[in-house]
Amino acid sequence: QVQLVESGGGLVQAGGSLRLSCAVSGRTLRSYTMGWFRQAPGKEREFVASISWRGANRYYADSVKGRFTISSDNAKNTVYLQMISLKSEDTAVYYCAARLFSAAEYVYWGQGTQVTVSS
C-alpha cells in the first residue's frame with residue numbers, strides 16, 4: 001500500500017516562503033511521476049507542479065512559475081515543493097500525488113496540508 005504524507009504547511013505572510021514535503025512509503029519513487037495539487041475554498045483542485053522520478057522533467061502551472069520549485073530526494077523517498085514570494089491567492093490545501101510515469105491519472109494521494117498566506 002502506497003502512502004503519501006504531506007507536511008510543512010502553515011500560516012505565512014505574503015511575500016514569505018514555505019517548503020512542503022511529501023514522504024512516500026510502501027513503494028520507491030522509481031517509475032513514478034510525483035505531483036503537487038492544491039484546492040482553495042470553493043474552487044476545484046488544480047495542478048501545481050510535477051516531477052518525473054529521475055527529476056529530468058518538471059512542469060509547473062503558469063501561476064507558480066518562477067516562484068515554486070519541485071524537487072525530489074529518491075534516497076529519502078521524499079518530494080518537496082519550495083514556495084517563495086507567496087501570495088494570498090496561494091492559500092489552499094496542498095496535496096501530494098503519484099502516478100506511474102506511463103499513466104495519465106494520479107492514483108495515490110496524500111491527505112493534504114493547509115497553506116494560508118495572509119496579506
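Before reading further, recall that the structure is shown in the block above.
Our subject in this report is the structure included herewith. Fair warning: this is a prediction, and the values are worked out from it, not measured in the lab.

## Brief notes about the state of the cysteines
- Summed over the entire model, instances satisfying the criterion amount to one disulfide.
- Here Cys22 pairs with Cys96 through a disulfide, and the sulfurs are 2.0 Å apart. Judged by the sign of its S-S torsion, about -80°, the cystine formed by Cys22 and Cys96 is left-handed. Remark: Cys96 occurs in strand β9 (residues 92–100) and Cys22 occurs in strand β3 (residues 18–25); sequence separation between them is 74 residues.
- Owing to a relative accessible area of 0%, Cys22 belongs among the buried residues under this scheme.

## Focus: the pairing of strand β5 (residues 46–51)
- As paired strands, strand β4 (residues 32–39) and β5 are joined by five bridges and run antiparallel to one another. Directly across from Trp36, in β5, lies its bridge partner Ala49.
- Turn length for the β4-β5 hairpin, with the two strands adjacent in sequence and antiparallel, is six residues, and the turn residue Gly42 shows positive phi of about 80°.
- Here three bridges tie β5 to strand β6 (residues 58–60), and the two strands are oriented antiparallel to one another. Bridge pairing links Ile51 to Arg58 in β6.
- Hairpin remark: β5 followed by β6, antiparallel, with six residues in the connecting loop; positive phi at Gly55, about 80°.

## Quick word on the pattern of salt bridges
- Applying the stated criterion to the full structure yields four salt bridges.
- Of the charged contacts, one joins Asp90 and Arg67 as a salt bridge, the two residues approaching to 2.7 Å between their closest N and O atoms. Taken together, the residues span a long stretch of sequence, with Asp90 in the loop between β8 (78–83) and β9 and Arg67 in the loop between β6 and β7 (68–73) at a distance of 23 residues. Each member of the pair, Asp90 as well as Arg67, carries the same accessibility label: buried.
- Taken together, the shared-partner salt bridges connect Arg38, Glu46, Arg67 and Asp90 into one network.

## As for the packing of aromatic side chains
- Counting across every chain of the model gives five aromatic pairs.
- Between Phe37 and Phe47, the ring centres sit 5.7 Å apart and the planes meet at 75°, which makes this aromatic pair edge-to-face. With Phe37 in strand β4 and Phe47 in strand β5, this pair connects stretches of sequence that are ten residues apart.
- With a relative accessible area of 10%, Phe37 lands in the buried category.
- A centroid spacing of 4.9 Å and a plane angle of 55° characterise the contact between Phe37 and Trp109, whose relative ring orientation is tilted. Residue Phe37 is found in strand β4, and its partner Trp109 is found in strand β10 (residues 108–109); the two are separated by 72 residues along the sequence.
- Taken together, Phe37, Phe47, Tyr106 and Trp109 form an aromatic cluster joined through their ring pairs.
- Sitting above the plane of the Trp109 ring, Arg45 keeps its charged end 3.8 Å from the centroid.

About the criteria used
- Residues numbered from 1 in each chain as written.
- Predicted model: local features only at pLDDT ≥ 70, side-chain atom pairs only at ≥ 80, totals over all residues.
- Heavy atoms only, no water.
- Disulfide = S-S within 2.5 Å.
- Helix = DSSP H or I, 4+ residues; strand = E, 2+ residues; numbered from the N terminus.
- Buried < 20%, exposed > 50% of the residue type's maximum accessible area, 1.4 Å probe, protein only.
- Pairing = 2+ DSSP bridges.
- Salt bridge = Lys/Arg side-chain N within 4 Å of Asp/Glu carboxyl O.
- Phe/Tyr/Trp six-rings, centres within 6.5 Å; stacked < 30°, edge-to-face > 60°.
- Lys NZ or Arg CZ within 6 Å of the ring centre and 35° of its normal.

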